[in-house]
Amino acid sequence: PYTRRILLEQAFKLLDRPYGCGDSYGEQDCSRFLAEVFATVGIVLPRNSTAQGASGIDGGTFVRQDPVSAKAAALAAADPGTTLLRLDGHIMLLLGFVGETPYVIHDIWAYTQKEGTQEVVRVINGVAVSTLSLSEGSRRGSLLERLLNLRLIQSPRGEGSLPAAGGIH
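Predicted model, so just to flag it, every value in this text is computed and none were measured.

**Q** Help me out: how do you make sense of the environment of Arg64 in this one?
**A** Its location among the elements puts Arg64 in the loop between strand 1 (57–61) and helix 4 (68–76). The sequence separation of Arg64 and Gly141 amounts to 77 residues, and the corresponding C-alpha distance is 9.7 Å. Those residues within four positions of Arg64 in sequence are excluded, and the remaining contacts are Lys71, Arg139, Arg140, Gly141, Glu145, Arg146 and Leu148.

Structural data, given as structure tokens:
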């Protein structure tokens, strides 16, 4: 059935599964990861992150230069467990919040971390849970700074969004 719990359970079953750019070496990338998760409840998502970021109901659309506060406000109103967060070339699933900090699950190869005057690439290489602060302070900017849109994915039966998240938020 299409429930937050099922979607999140399916996502966590793939935790630590290795990353494969474009599904290379029999592994999966960020968009294939989410397609697999949503397929378990009968939802067929498009193959790439750009097309997935156009699926479902718009929960907020941004340009890179929009203030982080506007993006954070849209996230605060989003539906955890059923909302996709898209960046240029990357897509994630909103898990929920601890306090005001949003957490996501995504299949990611690496992120950039600023250390003094240097930028260091930190390899994750798989499905991971993180905040949106990854790459904060780097030339690329944090995941939150690079957020382009939020998309609520509806039930395959056209039932709209699920009831309020309750304890998830």
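**Q** How should the packing of helix 1 (residues 4–13) against helix 2 (residues 30–39) be read in this particular structure?
**A** Relative orientation and spacing of two packed helices are given, respectively, by the angle between their axes and the distance between those axes. Packing of helix 1 against helix 2 brings their axes to within 9 Å, and their N-to-C directions diverge by 135°. Viewed along their axes, helix 1 and helix 2 adopt a mutual orientation that is oblique. Between helix 1 and helix 2 the crossing geometry is right-handed. Of the residues in helix 2, those in contact with Leu7, Gln10 and Ala11 of helix 1 are Phe33, Val37 and Phe38.

**Q** Would you mind showing me how to read unusual backbone geometry here?
**A** Glycine aside, the phi torsion of most residues is negative, and most peptide linkages are trans. In this structure, Asp16 is a non-glycine residue whose phi angle is positive, near 75°. Within the secondary structure layout, Asp16 lies in the loop between helix 1 and helix 2. The class for Asp16 is exposed, based on a relative accessible area of 64%. Despite not being glycine, Ser135 has its phi angle at roughly 75°, a positive value.

**Q** Explain the sheet that holds strand 6 (residues 149–152) here, please?
**A** Adjacent strands of a sheet pair through backbone hydrogen bonds, lying either parallel or antiparallel. Taken together, six strands build an open sheet; the order of strands is 1-6-2-3-4-5 and the sheet is antiparallel. Looking at the sheet topology across the chains shown, the edges are occupied by strand 1 and strand 5 (118–131). Recorded for the sheet is a direction-independent mean angle of 35° between the axes of neighbouring strands. Relative to the sheet, helix 1 contacts strand 3 (90–98), strand 4 (101–115) and strand 5, its axis offset from that of strand 3 by approximately 115°. Those strands touched by helix 2 are strand 2 (83–87), strand 3, strand 4 and strand 5, and its axis lies near 60° from that of strand 3.

**Q** Honestly, the pattern of salt bridges in this entry has me stumped. Any pointers?
**A** By the definition in use, this model includes seven salt bridges. Here Glu119 ties to Arg139 by a salt bridge, and the two come within 3.7 Å at their closest N and O atoms. Of this pair, Glu119 sits in strand 5 while Arg139 sits in the loop between strand 5 and helix 5 (143–146), placing them 20 residues apart in sequence.

**Q** Help me out: how do you make sense of the pairing of strand 5 in this one?
**A** In the case of a regular strand, side chains alternate between the two sheet surfaces. The sheet contact formed by strand 4 and strand 5 spans twelve bridges and is antiparallel. Its bridge partner being in strand 5, Ala110 is matched across the sheet by Val123. In this structure, the hairpin formed by strand 4 and strand 5 is closed by a connection of two residues, where Gly116 is found at a positive phi of approximately 65°.

**Q** What should I look at first to understand the layout of surface pockets in this one?
**A** It is a probe the size of a water molecule, rolled over the atoms, that shows where empty space is left. Considered as a void within the structure, the largest pocket measures approximately 340 Å³ in volume. As for the largest pocket, its lining consists of 22 residues, of which Tyr19, Gly89, His90, Ile108 and Ala110 are closest to the centre. Only helix 2, strand 4 and helix 5 provide two or more residues apiece to the lining of the largest pocket. With six residues, the single largest contributor to the lining of the largest pocket is strand 4. Class assignment for the residues of the lining of the largest pocket results in nine nonpolar, seven polar and six charged. Its volume calculated, the second largest pocket comes out at about 240 Å³. Contributing to the lining of the second largest pocket are 13 residues, with Ala72, Phe97, Glu100, Thr101 and Pro102 lying nearest its centre. Secondary structure elements with two or more residues in the lining of the second largest pocket: helix 4 and strand 4. Here the lining of the second largest pocket gets three residues from one element, more than from any other, and that element is helix 4. A per-class count over the lining of the second largest pocket returns seven nonpolar, five polar and one charged.

Parameters at a glance
Once a new chain begins, its residue numbering starts again from 1 and follows that chain's sequence as written. Two thresholds apply to this predicted model, a pLDDT of at least 70 for residue-level local features and 80 or more for giving and counting side-chain atom pairs, whereas whole-chain, interface and lining totals are computed over all residues. As a rule here, side-chain values come from all non-hydrogen atoms in the structure, and water together with hydrogens is ignored. Here a helix means four or more residues in a row that DSSP labels H or I, a strand means two or more in a row labelled E, and each is numbered from the N terminus. Note on definitions: a residue-residue contact is assigned when non-hydrogen atoms from the two residues lie within 4.5 Å. The angle between two axes is taken between their N-to-C directions and runs from 0 to 180 degrees, where each axis is a line fitted to C-alpha atoms and a helix contributes only its stretch in contact. For classification purposes, an angle smaller than 35 degrees is called roughly parallel, one larger than 145 roughly antiparallel, one from 65 to 115 roughly perpendicular, and anything else oblique. Here is the rule for handedness: rotate from the far helix to the near one, and if that takes an anticlockwise turn smaller than a right angle the crossing is left-handed, while a clockwise turn gives right-handed. Each residue is placed in one exposure class: buried if its accessible area under a 1.4 Å probe, protein chains only, is under 20% of its type's maximum, exposed if it is over 50%, and partly exposed if it falls in between. Pairing between two strands requires that DSSP report at least two bridges joining them. Here a salt bridge means any side-chain nitrogen of Lys or Arg lying within 4 Å of a carboxyl oxygen belonging to Asp or Glu. Using protein atoms alone on a 1 Å grid, points that fit a 1.4 Å probe yet trap it form a cavity, whereas open point sets bounded by protein on both sides within 12 Å along at least five of seven lines form a pocket; residues with an atom within 4 Å of a point count as lining. Grid points are joined across faces, edges and corners, and a volume is the space filled by probe spheres set on the points. Amino acids are sorted into nonpolar (Ala, Val, Leu, Ile, Met, Phe, Trp, Tyr, Cys and Pro), charged (Asp, Glu, Lys and Arg) and polar (every other residue, Gly among them).

Honestly, that's just the spatial picture; any functional story needs more than this.
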